[in-house]
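Structural description and commentary
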Amino acid sequence: MSQAPATVEVTAQDLQGHGVIACPNPKMALWSNHPRVFIDLSHDGQGKCPYCGTVYKLKAGEVIAGHH
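Basis of the calculations
Residues numbered from 1 in each chain as written. Predicted model: local features only at pLDDT ≥ 70, side-chain atom pairs only at ≥ 80, totals over all residues. Heavy atoms only, no water. Helix = DSSP H or I, 4+ residues; strand = E, 2+ residues; numbered from the N terminus. Buried < 20%, exposed > 50% of the residue type's maximum accessible area, 1.4 Å probe, protein only. Contact = heavy atoms within 4.5 Å. Areas by Shrake-Rupley, 256 points an atom, 1.4 Å probe, with all protein chains shown as cover. Pairing = 2+ DSSP bridges. Axes fitted to C-alpha atoms, helices over the stretch in contact; angles between N-to-C directions.

1. Remarks on the overall build of the protein
A count of helices and strands for the protein gives 0 helices and 5 strands. Beginning at the N terminus, the succession of helices and strands in the protein can be written as β-β-β-β-β. In the protein, which comprises 68 residues, the share counted as buried stands at 34%. Restricting the contact set of the protein to residue pairs at least 6 apart, pairs at least 24 apart contribute 43%. Summed over all atoms, the accessible surface of the protein reaches about 4,900 Å², with 54% contributed by carbon and sulfur.

Written out as structure tokens, the structure is:
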């Protein structure tokens, strides 16, 4: 039985580069690793990993530097 994809809330400090987050993230178990991808959160504050389906979203009130 597969479980529903996780939703991970991130802060602006968790981001790597300009508005992107890497998946898999450091909290994921090694057995579930897949190739590292960078997910862009700068457009609507969330993004989904194409490999594992994990949804990353900015916590409420977080602002990506350079975006207003």
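2. Thoughts on the pairing of strand β2 (residues 20-23)
Where a strand is regular, its side chains alternate between the two sheet faces. Alternating positions in β2 separate into two faces, V20 and A22 on one and I21 and C23 on the other, with burial throughout. Examined bridge by bridge, β2 and strand β3 (residues 37-40) share 4 bridges and lie antiparallel to one another. Residue V20 lies in a different strand from β3, and its bridge partner there is D40.

3. Describing the sheet that holds strand β1 (residues 7-10)
Spatially, the 3 strands line up as an open sheet ordered β1-β5-β4, and their pairing is mixed. Among the strands making up the open sheet, the edge pair consists of β1 and β4 (46-48). Across this sheet, the average inter-strand angle for adjacent strands is 20°, counted without regard to direction. The pairing of β4 with strand β5 (residues 55-58) spans 3 bridges and is antiparallel. Residue pairing across strands places K48 opposite V55, the latter belonging to β5.

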